[in-house]
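Chain and residue survey
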Amino acid sequence: MEESAVDLLRRWARQQVEFGYPDPIVTRGGAAEAEPAAGKGGLDAVREELGDCARCPLHERRTHLVFGDGDPRAGILFVGEAPGADEDRIGRPFVGRSGQLLDKIFAAAGIRRDEVYITNVVKCRPPGNRDPEAEEIVTCLPFLMRQIECVRPELICCLGRFAAQTLLQRPDPLGRLRGRWHDWEGMRLLCTYHPSACLRNPQYKRPVWEDFQMLRDAYREIRPARPAE
């Protein structure tokens, strides 16, 4: 029987423990030998290690690898699914129609894009914007984990089913995961629908706004809004 993405992730995490890899996020409780570098310097090192990645077949048809964008010491880190056509062309996450909608949601919630960090589970565009495959997710996962380690956000927001199921390692439908906070390695994690889902199904806009209100309120508790100039 073919393994699901969640099954593969669980197997991969077990292997991390068995081989003693010192990654406190991936091993869920394993001790780290050294603290990862935080902020921009750490992200630069992760990007350098990723290089001109050819670890899975997605590299064969990409224009740009889309690593991540935003404040390297952000209080909120957003995780999407994979780059789309515009992201592949430009090399930045969430710059197409989904990104434009996300920017509008940010503005409505009083969150500035330059104060968050945004990335995706998969760093290269799947052909035809298809769903990422399990092996592609597992291949990219170590780099997502290191991005999270470097930024060290207080809050994580998963945009869409693939991000939510990947980080939580649960196969539950997104409707069961959203609308509440999850504890994830000492960080608060919230799941909501991907902006592209809202473009296809406008009925998702209301629950997304409810989730972003939760996110906004939690964010303002840890980082109060700057006074207007």
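Above this text sits the structure in question.
Cut-off values and rules
- Residues numbered from 1 in each chain as written.
- Predicted model: local features only at pLDDT ≥ 70, side-chain atom pairs only at ≥ 80, totals over all residues.
- Heavy atoms only, no water.
- Pairing = 2+ DSSP bridges.
- Helix = DSSP H or I, 4+ residues; strand = E, 2+ residues; numbered from the N terminus.
- Contact = heavy atoms within 4.5 Å.
- Axes fitted to C-alpha atoms, helices over the stretch in contact; angles between N-to-C directions.
- Expected span 1.5 Å × (residues − 1).
- Bend = angle between axes of the 7 residues up to and from the residue.
- 1 Å grid on protein atoms, 1.4 Å probe; cavity = no way out; pocket = protein on both sides within 12 Å on 5 of 7 lines; lining within 4 Å.
- Points joined across faces, edges and corners; volume = space filled by probe spheres on them.
- Nonpolar A, V, L, I, M, F, W, Y, C, P; charged D, E, K, R; others polar.
- Buried < 20%, exposed > 50% of the residue type's maximum accessible area, 1.4 Å probe, protein only.

1. Some thoughts on the sheet that holds strand E5 (residues 181-184)
- Read across the open sheet, the six strands follow the order E1-E3-E2-E4-E6-E5; overall the sheet is mixed. For this open sheet the edge positions go to strand E1 (69-70) and E5, each flanked by a neighbour on one side alone.
- Of the pairings in the sheet, the one linking E5 to strand E6 (residues 187-192) comprises four bridges and is antiparallel in character. Across the sheet, the residue bridging to tryptophan 184 is methionine 187, located in E6.
- On top of the sheet, helix H6 (residues 161-168) reaches strand E2 (76-80), strand E4 (155-159), E5 and E6; it is set at about 130 degrees to E4, its chief contact.
- Sheet strands in contact with helix H9 (residues 205-222) are E2, E4, E5 and E6, and its direction is about 160 degrees off that of E6.

2. Here's the deal with helix H5 (residues 134-151)
- Here H5 is 18 residues long and its end C-alpha atoms lie 25 Å apart, about the 26 Å a rise of 1.5 Å per residue gives.
- The sharpest bend along H5 comes to roughly 40 degrees, located at leucine 141, with the proline proline 142 sitting one to four residues further on.
- After H5 finishes, the residue arginine 152 shows a positive phi value of roughly 55 degrees.

3. Quick look at the layout of surface pockets
- Roughly 670 Å³ of volume is contained in the largest pocket.
- Looking at the largest pocket, it is lined by 26 residues, and the ones nearest its centre are Glu81, Ser98, His194, Ser196 and Arg200.
- Only helix H3 (85-90), helix H4 (97-109), H6 and helix H8 (195-200) provide two or more residues apiece to the lining of the largest pocket.
- A per-element tally of the lining of the largest pocket places H8 first, with four residues.
- Taken together, the residues that form the lining of the largest pocket break down as 10 nonpolar, eight polar and eight charged.

4. Quick look at the pairing of E2
- Most of E2 sits out of view: five of its five residues are buried.
- Residue alternation in E2 divides its side chains into two sets, Ile76, Phe78 and Gly80 and Leu77 and Val79, and both sets are buried.
- Alignment of E2 against E4, held across four bridges, turns out to be parallel. The partner of valine 79 across the bridge, within E4, is cysteine 158.
- Where E2 and strand E3 (residues 117-120) come together, four bridges link them in parallel fashion.

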